[in-house]
Every structure is written in structure tokens, then in C-alpha cells.
Amino acid sequence: RNWDGKELLVPNKEFITGSLLNWSMSDPATRIMLSVGIAYGSDVRQAMRLLEESAREDASVLDEPAPLVIFETFGDSALGLILRCFVESVDVR
């Protein structure tokens with residue numbers, strides 16, 4: 001059952017022929033990727049700094065690896081940024 005309450009069924013064949021992703025087997029830390037759009041004409045560097053600061057100030061975000069903000073895209077109506085950071089467990093995602 002996932003976070004939305006949906007039950008996921010995995011056929012036995014998938015276990016034998018495929019790979020299984022276990023988010024908490026050996027290390028409970030997991031990465032979050034947060035997409036943010038800002039208006040064209042905005043100060044991109046300032047927006048990136050603010051996103052990184054916000055992540056660093058959040059107690060759930062791990063210091064190592066350090067949070068990272070990247071410019072991703074020129075969207076139809078916004079400039080796309082992505083914040084990548086790790087949290088201590090899937091429970092705080």
C-alpha cells in the first residue's frame with residue numbers, strides 16, 4: 001500500500017526477472033527532488049540561494065550530502081529550478 005492508499009501488486013515474475021527497489025533496506029535516508037517555477041525576469045541566483053537556505057534550515061534535511069539547487073529549464077511560463085536534498089527517512093518525505 002503506498003502513501004495514497006493504493007495497493008500495489010507485484011507478480012512473482014517481477015521478483016525473479018526484474019529488480020526490486022527497497023527504499024529503507026540498508027540506509028533509511030532518501031533524496032527529495034522539489035521542482036519550483038519562478039517568473040521570467042526574476043533574480044535566478046537569489047531564488048536558488050533562498051531554496052538552498054530553506055533546505056539547510058530544515059531540521060529534516062541532512063547536511064551530507066549537501067542540498068543542491070540547479071537551473072533545469074526555460075518553461076512555457078516559468079524558469080524551472082530543482083532542489084535536491086536528502087532526508088533522514090522516508091517518513092519525513
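In what follows, the accompanying structure is described. (Residues numbered from 1 in each chain as written. Predicted model: local features only at pLDDT ≥ 70, side-chain atom pairs only at ≥ 80, totals over all residues. Heavy atoms only, no water.)

1. Quick look at the packing of aromatic side chains
Cut-off, in case you're wondering: Here a Phe, Tyr or Trp ring, Trp counted by its six-membered ring, pairs with any other such ring whose centre lies within 6.5 Å, and the pair is stacked when the planes are under 30 degrees apart, edge-to-face when over 60, and tilted otherwise.
Following the criterion strictly, the structure yields one aromatic pair and no others. Summarising the aromatic geometry, the rings of Phe-71 and Phe-74 are spaced 5.0 Å apart at their centres and angled 65 degrees between planes, so their arrangement reads as edge-to-face.

2. Brief notes about the nonpolar core
Formally: Throughout this description, the term nonpolar core refers to a set of buried Ala, Val, Leu, Ile, Met, Phe, Trp, Tyr and Cys residues connected via side-chain atoms within 4.5 Å. Summary of the burial criterion: residues with accessible area below 20% of their type's maximum are buried, those above 50% are exposed, and those between are partly exposed, where the area comes from a 1.4 Å probe applied to protein chains only. Strands here are runs of E lasting at least two residues and helices are runs of H or I lasting at least four, both read from the DSSP assignment and numbered beginning at the N terminus. Note on contacts: a residue pair is in contact if any heavy atoms of the two residues lie within 4.5 Å.
The biggest cluster of nonpolar side chains holds twelve residues, and these are Ile-32, Ile-38, Ala-47, Leu-51, Ala-55, Val-61, Val-69, Leu-79, Leu-81, Leu-83, Cys-85 and Val-87. Elements represented by at least two residues in this core include exactly strand S1 (30-38), helix H2 (44-57) and strand S3 (79-87). The biggest single contributor to this core is S3, with five residues. Discounting residues that sit within four places of it in the chain, Val-69 has contacts with Met-48, Leu-51, Glu-52, Ile-82 and Leu-83.

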